[in-house]
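If you want the building blocks of each chain, they are given just below.
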Amino acid sequence: MSNSIAIINRSAPYGSSHATESLDLAMIAGTFGQDISVYFFGDAVFQLIEQQKPQTKGVKNLSKVIKSLIFFDVENIYVCQKSMQERSIQLSELCVDATLLSNDDLKASINKHSRIMVF
Amino acid sequence: MTSFTLLITSPAFDSQSSHTAYEFCSAALKLGHKIDSIFFYHQGVTNSNNFSVHHSDEVNLHQLWKSLATEYELRLNVCVSAANRRGIITEQDAEEIDTTYYNLDKPFESVGLGELMTSMNASDRLVQF
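Numbering of residues begins from 1 in every chain and follows the order in which that chain's sequence is written. Here every chain gets a letter starting at A, and every ligand a number starting at 1, in the order they are written. Residue-level local features of this predicted model are given only where pLDDT is at least 70; pairs of side-chain atoms are given and counted only at 80 or more, and the full residue set underlies all totals for whole chains, interfaces and linings. Side-chain metrics in this entry use all non-hydrogen atoms of the structure; hydrogen atoms and water are not considered.

Q: Requested: an account of the packing of aromatic side chains, with residues and values cited.
A: The relative placement of two aromatic rings is captured by the distance of their centres and the angle of their planes. All names here are of chain B. Aromatic contacts are taken between Phe, Tyr and Trp rings whose centres are within 6.5 Å, Trp giving its six-membered ring; a plane angle under 30 degrees counts as stacked, one over 60 as edge-to-face, and the others as tilted. In this structure the tally under the stated criterion is 7 aromatic pairs over all chains. For the pair Phe-40 and Trp-65, a centre-to-centre distance of 5.4 Å together with 85° between the ring planes defines the contact as edge-to-face. Residue Phe-40 is found in strand β2 (residues 34–40), and its partner Trp-65 is found in helix α2 (residues 61–72); the two are separated by 25 residues along the sequence. A single burial state applies to Phe-40 and to Trp-65, both of which are buried. Judged by centre distance (5.6 Å) and plane angle (55°), the rings of Phe-40 and Phe-108 are tilted. Within this pair, whereas Phe-40 is found in strand β2, its partner Phe-108 is found in strand β4 (residues 108–111), the two being separated by 68 residues in sequence. Look at Phe-40 and you get buried, because its relative accessible area is 0%. Categorising residues by exposure relies on relative accessible area from a 1.4 Å probe, with only protein chains included: less than 20% of the type maximum marks a residue as buried, more than 50% marks it as exposed, and the intermediate range marks it as partly exposed. Residue Phe-108 is classed as buried on the basis of its relative accessible area, which comes to 2%. Numbering goes from the N terminus for both helices and strands, where a helix is a DSSP run of H or I of at least four residues and a strand is a run of E of at least two.

Q: Tell me about the pattern of salt bridges, and name the residues and values.
A: Salt bridges, as used here, are contacts in which a Lys or Arg side-chain nitrogen is within 4 Å of a carboxyl oxygen on Asp or Glu. This structure, assessed with the given rule, holds 10 salt bridges over all chains. Here Glu-21 of chain A ties to Arg-85 of chain B by a salt bridge, and the two come within 2.8 Å at their closest N and O atoms. Taken as a pair, Glu-21 of chain A in helix α1 (residues 18–31) and Arg-85 of chain B in helix α3 (residues 80–85) lie in two separate chains rather than in one. In this structure Glu-21 of chain A comes out as buried when scored by relative accessible area, which is 2%. Arg-86 of chain B is paired through a salt bridge with Glu-21 of chain A; the nearest N and O atoms lie 3.0 Å apart. Taken together, the residues span two chains, with Arg-86 of chain B in the loop between α3 and α4 (91–96) and Glu-21 of chain A in helix α1. In the salt-bridge network here, residues are joined through shared partners; they are Glu-21 and Asp-24 of chain A together with Arg-85 and Arg-86 of chain B.

Q: Outline the pairing of strand β1 (residues 3–8) of chain B, supporting the account with residue identities and numerical values.
A: Residues and elements named next belong to chain B. For β1, the buried fraction is high: 6 of the 6 residues fall into the buried class. What you see with β1 is no split at all: Ser-3, Thr-5 and Leu-7 on one side and Phe-4, Leu-6 and Ile-8 on the other are buried throughout. Two strands pair when backbone bridges link them, and β1 and β2 are joined in this way by 6 bridges, in the parallel orientation. When the bridges of β2 are listed, Ser-3 appears paired with Lys-34. Considered for its hand, the β-α-β crossover made up of β1, helix α1 (residues 17–30) and β2 is right-handed. For two strands to be treated as a pair, DSSP must find no fewer than two bridges joining them. Sheet topology places β1 next to strand β5 (residues 125–128); 4 bridges connect them, and they run parallel. Paired with Leu-6 across the two strands is Val-127, which belongs to β5. Whether a crossover is right-handed comes down to one check: with the strands pointing away from the viewer, does the path from the first strand over the helix to the second run clockwise; if it does, it is right-handed.

Next comes the structure, spelled out in structure tokens:
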């Protein structure tokens, strides 16, 4: 198995630094030419919402950071379908082209990677 | 023998995970495995804070890491951005912001995230705590 990285996000976009530093890591991994996939589970799906206005809270808008991932060659973005349904979020509300996966497909997809990090 | 890169993202004092990482690291070394690099990121950078002061009957994880690194010549890499954001700075950082004090010193090294990619690719396994 060649080295490939799965970054698994489970945290809401704001209220902690998990999302910010996870995305920093994804960008650096992309810059270093790593084969990388980024996953969003649970409240982390809120990171992907196009319409977010956190500037009033004194933090960066993470949807803009996520949109810029493509410039760092981070193209594989996977989202937990169940987490989306539970939060009544539609694919059209997301800020990037992401692939929705069922729990079984997520498991199979993540298992293809040799390095897994969770934030 | 297996070679490991350890990624530590949990805080030194506020959670058990960093201490578990230390125990994992000690056990792996005693069994003859190789630790290519220990990389402190996110809240894990607090492990490198030289200014952490503990009661005499408490575990001082910062000192434990230092002793282990000296004994086994380990690389204790600390992400510079994550550390600086949390007020953990090297002597060079201190000069740049015109202050006298610094709290990140050898055997901890302030490095970029690229170091994590390099060591991770050289290791058989990555383990996150």
